[in-house]
Amino acid sequence: MRKKIVAGNWKMNKTLQEGVALAKELKEALAADAPNCDVVICTPFIHLASVAAEIEGSVIGLGAENCADKASGAYTGEVSAAMVESTGAKYVILGHSERRAYYHETPEILKEKINLALENNLKVIFCIGEVLEEREEGRQNDVVKAQLEGSLFDLTAEQYKNIILAYEPVWAIGTGKTATADQAEEMHAFIRSVIAEKFGNEAAEETSILYGGSCKPGNAKEIFAKANVDGGLIGGAALKVADFKGIIDAWK
Ligand code: PEP
């Protein structure tokens with residue numbers, strides 16, 4: 001059975017102190033009322049070690065929002081996958097549309113990042129999704145398939161087991177516009193079929209595919225009820241425990 005996961009992406013929000021306080025509040029809320037799914041928080045690099053200490057022994061998994069496409073060396077300002085792993089983090093988000101759009105991350109760069117993340121025992125939450133224009137032109141399936149092919153199709157079956165997918169239509173991220181549950185299901189089923197063609201039915205059935213894009217307590221239950229939706233990657237609503245917990249509770 002594939003895992004149900006709700007993962008938070010804090011993006012560039014919260015000071016260190018605010019982030020540790022948020023993690024503590026979430027830890028306490030989930031200790032009082034255990035979740036029915038895996039819960040992950042992905043934080044800015046500087047929060048990782050302190051948040052890892054705060055959530056130790058809890059049900060919460062920790063991830064980074066990015067890692068470098070180089071192993072080590074003279075790359076001022078970069079943070080390697082090995083450094084991420086050394087904080088206690090177990091996950092890394094790669095391919096987020098904000099990184100593709102604002103930092104020009106190409107499928108080739110993402111391939112390097114994925115390889116390094118996997119070499120350092122991190123599970124990769126790999127984001128894919130079309131922009132509005134591509135959807136309006138009916139090209140969303142081609143775009144998403146190309147994103148999968150461009151960064152994942154050189155992986156071995158063994159490496160692929162550590163990939164979690166997140167379908168995030170770019171037009172729904174931070175806009176308040178959510179894909180309908182049917183739109184999400186249609187794309188998730190397509191993604192699973194692409195994975196089945198490449199890695200086989202069993203690998204496809206085992207792949208957790210998360211939905212991301214203005215997911216909130218009010219719409220999570222309907223989206224998560226779809227057969228091919230295995231949880232959510234949550235941006236804005238991950239910054240308030242009540243909202244994030246409301247989404248986690250959609251699995252109950
Ligand atoms: C995201 O950035 O991964 C995301 C889904 O953001 P939001 O929930 O704010 O739309």
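It should be emphasised that the depicted structure is a prediction, and the values quoted were computed from it without experimental measurement.

Here is what the cut-offs are and how they apply
Residues numbered from 1 in each chain as written. Predicted model: local features only at pLDDT ≥ 70, side-chain atom pairs only at ≥ 80, totals over all residues. Heavy atoms only, no water. Pairing = 2+ DSSP bridges. Helix = DSSP H or I, 4+ residues; strand = E, 2+ residues; numbered from the N terminus. Axes fitted to C-alpha atoms, helices over the stretch in contact; angles between N-to-C directions. Contact = heavy atoms within 4.5 Å. Near = heavy atom within 4 Å. Polar contact = N/O pair within 3.5 Å; in protein donor to acceptor, adjacent residues only side chain to side chain. Areas by Shrake-Rupley, 256 points an atom, 1.4 Å probe, with all protein chains shown as cover. Buried < 20%, exposed > 50% of the residue type's maximum accessible area, 1.4 Å probe, protein only. Right-handed = clockwise from strand over helix to strand, strands pointing away. Phe/Tyr/Trp six-rings, centres within 6.5 Å; stacked < 30°, edge-to-face > 60°. Lys NZ or Arg CZ within 6 Å of the ring centre and 35° of its normal. Arc of directions from axis to C-beta. Parallel < 35°, antiparallel > 145°, perpendicular 65-115°, else oblique. Left-handed = near helix turned anticlockwise from the far one by under 90°.

J.: Is there a simple way to think about the sheet that holds strand β5 (residues 123–128) in this case?
T.: In a beta sheet, neighbouring strands pair by backbone hydrogen bonds and run either parallel or antiparallel. With parallel pairing, the eight strands of this closed barrel are ordered in space as β1-β2-β3-β4-β5-β6-β7-β8. Neighbour-to-neighbour, the strand axes of the sheet open up by a mean angle of 25°, direction not taken into account. Pairing geometry for strand β3 (residues 60–64) and strand β4 (residues 91–94), over two bridges, is parallel. Opposite A64, over in β4, you have V92 as the bridge partner. Those strands touched by helix α2 (residues 48–55) are β2 (38–43) and β3, and its axis lies near 175° from that of β3.

J.: Honestly, the site of the ligand in this entry has me stumped. Any pointers?
T.: Neighbouring the ligand are 14 residues; K11, H96, E168, G174 and S214 lie closest to it. Backbone polar atom of G235 to an oxygen atom of the ligand: 2.9 Å apart, as the coordinates give it. Contact between the ligand and G236: an oxygen atom at 2.9 Å from a main-chain N or O atom of the residue. For the ligand, whose free accessible area comes to 290 Å², the fraction covered by protein is 95%.

J.: What am I meant to see in the pairing of strand β1 (residues 5–9) here?
T.: Look at any regular strand and the pattern is simple: side chains alternate between the two faces of the sheet. Here β1 lies mainly inside the structure; five of its five residues are buried. Of the two faces of β1, the one lined by I5, A7 and N9 and the one lined by V6 and G8 are each fully buried. Pairing of β1 with β2 involves five bridges; the strand directions are parallel. Following the sheet pairing, V6 is matched in β2 by V39. The parallel pair β1 and β2 is bridged by helix α1 (residues 16–32), and the resulting crossover is right-handed.

J.: Honestly, the packing of aromatic side chains in this entry has me stumped. Any pointers?
T.: Aromatic rings considered in pairs are described by the distance between their centres and by the relative angle of their planes. Following the criterion strictly, the structure yields four aromatic pairs and no others. Here Y160 and F199 contribute two aromatic rings whose centre-to-centre distance is 4.2 Å and whose plane-to-plane angle is 10°, an arrangement assigned as stacked. Remark: F199 occurs in helix α9 (residues 181–199) and Y160 occurs in helix α8 (residues 157–160); sequence separation between them is 39 residues. By the burial criterion, Y160 is buried, and F199 matches it. Each residue in the set F153, Y160 and F199 is aromatic and connected to the rest through ring pairs, giving one cluster. When the ring centre of Y103 is taken as reference, the NZ or CZ atom of R99 above it lies at 4.2 Å. Over the face of the ring belonging to F199 we find K198, whose NZ or CZ atom lies 5.8 Å from the ring centre.

J.: Honestly, helix α12 (residues 241–248) in this entry has me stumped. Any pointers?
T.: Turn by turn, an α-helix covers 3.6 residues, leaving residues three or four places apart pointing in a common direction. Every buried residue of α12 is accounted for by V241, F244, K245, I247 and I248. Buried positions in α12, seen along its axis, are confined to an arc of 155° and lie on one side of it. Next to the buried residues of α12 lie β1, α1, β2, α11 (217–224) and β8 (231–234).

J.: Would you mind showing me how to read the packing of helix α7 (residues 140–152) against α9 here?
T.: Angle between the axes and distance between the axes: these two values describe a pair of packed helices. The N-to-C vectors of α7 and α9 enclose an angle of 40°; their axes lie 11 Å apart at closest approach. Considering the angle they form, α7 stands oblique to α9. In this structure, α7 meets α9 at a crossing whose hand is right-handed. Of the residues in α9, those in contact with Q140, N141, V144, K145, L148 and L152 of α7 are M187, F190, I191, V194, I195, E197 and F199.

Geometric values such as these leave the question of function open.
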